[in-house]
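Summary of structural features
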Amino acid sequence: YIETVQVNDIPWHRLTTTYGRATDFPEALDVLWNMESIETVDAAGEALELNIEHQSTLWHATPFAMIFLLRIFKKAQEASAHNAVAQYLAEQLVELFTVIAECIRDGLMLEHADPLPNFEDMLNEEYLWSEEYDEDEDVLRFDDLFFSFYYYSLQILLLAIPLLDTSDEGEAKLLGLISANRSV
């Protein structure tokens, strides 16, 4: 699933974020994929970062965004030797992945339900937010699902291990955090 899912396969408008729903994620991910300028990458990256993590809390949209951020990271690394925007983006993504890994580490210390059996189970109708906001109904969806945000975000980070350069201080720190969380 992680290798084959496409941005358009995700019902972003029904996934929670820090400040609402992930409706604008496809556009921001596209800006990052294209790596046209540091300014556009910064704006799109900041919008995603603010909405996938807040005060060590990960959201329903986080693991899905992480799938595409990992693909973008790989592309940025491949282009970084000849593209300053790609190099900048790769460095920024290492910082974001480090924050996510720290959130996972903190989340693992809390009592939690088991993760859902499969990544894509988080897209089952019973877990998606309603088409039209209904606070009472939507909050109930969160309890059984919450730990899956952390667990499946970690599964994405584990896929980043072969891409990390241990001679780079930031990447080495990220590798250490991912490896410490690996036993989930």
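We now turn to the structure provided with this report. (Residues numbered from 1 in each chain as written. Predicted model: local features only at pLDDT ≥ 70, side-chain atom pairs only at ≥ 80, totals over all residues. Heavy atoms only, no water.)

Within the element layout of this structure, G20 appears in strand β2 (residues 20-21). By relative accessible area, G20 is classed as partly exposed at 28%. Separated by 31 residues in the primary sequence, G20 and N51 place their C-alpha atoms 8.2 Å from one another. (Helix = DSSP H or I, 4+ residues; strand = E, 2+ residues; numbered from the N terminus. Buried < 20%, exposed > 50% of the residue type's maximum accessible area, 1.4 Å probe, protein only.)

Now for the packing of helix α1 (residues 25-34) against helix α2 (residues 38-52). Two elements in contact, α1 and α2, have axes separated by 9 Å at closest approach and are oriented at 135 degrees. By the angle between their axes, α1 is oblique relative to α2. For the pair α1 and α2, the crossing hand works out as left-handed. Between α1, through F25, A28, L29, V31 and L32, and α2, the contact on the second element is made entirely by T40, V41, A44, G45, L48, N51 and I52. Taken together, the residues of the contact of α1 with α2 break down into nine nonpolar, three polar and no charged. (Axes fitted to C-alpha atoms, helices over the stretch in contact; angles between N-to-C directions. Parallel < 35°, antiparallel > 145°, perpendicular 65-115°, else oblique. Left-handed = near helix turned anticlockwise from the far one by under 90°. Contact = heavy atoms within 4.5 Å. Nonpolar A, V, L, I, M, F, W, Y, C, P; charged D, E, K, R; others polar.)

It is worth spelling out a negative patch on the surface at this point. Negative charge collects at one region of the surface, where E39, D42, E46, E49, E91, E95, D165, D168 and E169 lie side by side. For the negative patch, the element with the highest residue contribution is α2, accounting for four residues. For E49, the position within the fold is in helix α2. Accessibility expressed as a relative area gives 38% for E49, which makes it partly exposed. (Patch = residues over 30% accessible without salt bridge, like charges linked within 9 Å, V, L, I, M, F, W, Y side chains within 5 Å. Areas by Shrake-Rupley, 256 points an atom, 1.4 Å probe, with all protein chains shown as cover. Salt bridge = Lys/Arg side-chain N within 4 Å of Asp/Glu carboxyl O. Lys, Arg positive; Asp, Glu negative; His and termini not counted. Charge placed at Lys NZ, Arg CZ, Asp CG, Glu CD.)

We now examine helix α6 (residues 146-160). Under the 1.5 Å per step criterion, the end-to-end length of α6 is 23 Å for 15 residues, consistent within 8% with the ideal 21 Å. In terms of burial, α6 is a largely internal element, twelve of the 15 residues being buried. In the core, the buried residues of α6 are packed alongside β4 (57-58), α3 (61-79), α4 (84-108) and α7 (169-181). (Expected span 1.5 Å × (residues − 1).)

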